[in-house]
Amino acid sequence: SNAANHGELMGASTGPVLLFADNKCVFAQDPLPGSTGRGASVWSRLPGHLHDHATQRPIVLSVMGIDATSISDWTDGQSPLRQLLMDRIKSMKVQGLLPTIILWQQGEADARLETKSELYGNGLDKLAEILTQAGSGAPIVMAFSTYFCRKAPSREIQEAMTAKTHQNGRFKVGPDTDAG
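Residues numbered from 1 in each chain as written. Predicted model: local features only at pLDDT ≥ 70, side-chain atom pairs only at ≥ 80, totals over all residues. Heavy atoms only, no water.

1. Notes on the overall build of the protein chain
Each helix and strand counted, the protein chain has six helices and five strands in total. Each helix and strand of the protein chain, placed in order from N terminus to C terminus, yields the pattern β-β-α-α-α-β-α-α-β-α-β. Taking 180 residues into account, the globule formula puts the C-alpha radius of gyration at 16 Å, and the protein chain, at 16 Å, falls close to it. With the principal axes as the frame, the protein chain shows a C-alpha extent of 40 × 40 × 30 Å. Across the protein chain, the fraction of contacts at a sequence separation of at least 24, relative to all contacts at a separation of at least 6, is 71%. Accessible surface, the protein chain as shown: approximately 10100 Å² in total, 53% of it carbon and sulfur. Taken together, the 17 basic and 18 acidic charged side chains of the protein chain have centroids lying 4 Å from each other. (Helix = DSSP H or I, 4+ residues; strand = E, 2+ residues; numbered from the N terminus. Rg over C-alpha atoms; globule rule 2.2 N^0.38 Å. Contact = heavy atoms within 4.5 Å. Areas by Shrake-Rupley, 256 points an atom, 1.4 Å probe, with all protein chains shown as cover. Lys, Arg positive; Asp, Glu negative; His and termini not counted. Charge placed at Lys NZ, Arg CZ, Asp CG, Glu CD.)

2. Re the packing of aromatic side chains
Counting across every chain of the model gives one aromatic pair. Taken together, a centroid distance of 6.0 Å and an interplanar angle of 80° make the contact between W74 and W104 edge-to-face. Here W74, found in helix α2 (residues 71–75), pairs with W104, found in strand β3 (residues 102–104); they are 30 residues apart in sequence, far enough to count as distant. Here the two residues W74 and W104 agree in accessibility, since each one is buried. (Phe/Tyr/Trp six-rings, centres within 6.5 Å; stacked < 30°, edge-to-face > 60°. Buried < 20%, exposed > 50% of the residue type's maximum accessible area, 1.4 Å probe, protein only.)

3. Topic: helix α5 (residues 117–134)
Helical geometry note: an α-helix holds 3.6 residues per turn, so side chains three or four residues apart project in the same direction. Over its 18 residues, α5 extends 26 Å from the first C-alpha to the last, a length consistent with the 26 Å expected when each residue adds 1.5 Å. Three or more residues of α5 are buried, namely S117, Y120, G121, G123, L124, L127, A128, I130, L131 and A134. Residue G135 follows α5 closely and has a positive phi angle near 115°. (Expected span 1.5 Å × (residues − 1).)

4. Comments concerning the sheet that holds β3
Strands in a sheet are paired, the pairing made by backbone hydrogen bonds, and the direction either parallel or antiparallel. Taking strand neighbours across the sheet as the criterion, the three strands line up as β3-β4-β5 in an open arrangement whose pairing is parallel. Each having just a single partner strand, β3 and β5 (171–176) make up the two edges of the open sheet. Pairs of neighbouring strands in the sheet enclose a mean axial angle of 30°, with direction left out of account. Contacting β4 (140–144) and β5, helix α6 (residues 155–167) crosses the sheet at an angle of about 150° to β4. (Pairing = 2+ DSSP bridges. Axes fitted to C-alpha atoms, helices over the stretch in contact; angles between N-to-C directions.)

None of this, on its own, says anything about what the molecule does.
Right under this line is the structure:
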């Protein structure tokens, strides 16, 4: 996925972005630390698009792009990714960099697994709980990202995401990458 540095590196770089990685702020370029791929990232382009909407503070990103993961990989019990997520939020808190917004782009693996809407919705609730336990109450903006391998987007995952944005004020509608 492009969210995990799997985009095509083309032409000139977008320039470095301010990134929280390895427990400190750094300037980084594609491929961004924190993701599994070696290519371009959508996140390196984001600050330039947000400048008109940003506050006076600099935009600092923290990337956790792990391809081919299900929501349960991020939320179940002692899952390594759950612990990684909690540790990242806690580390950011120590540095005074608690997220003001969390961008959630995940769903393709659950589409492949044919995860049911109720199960995915429960996973989103667990995600919000994990983030709260780690110290972040930031809104979670969800990209509708459920398209898997030339199949139609997952109606089940889309239904769960839509339901959460209507019943829980913490979840917000993000970009629909299924439509693009």
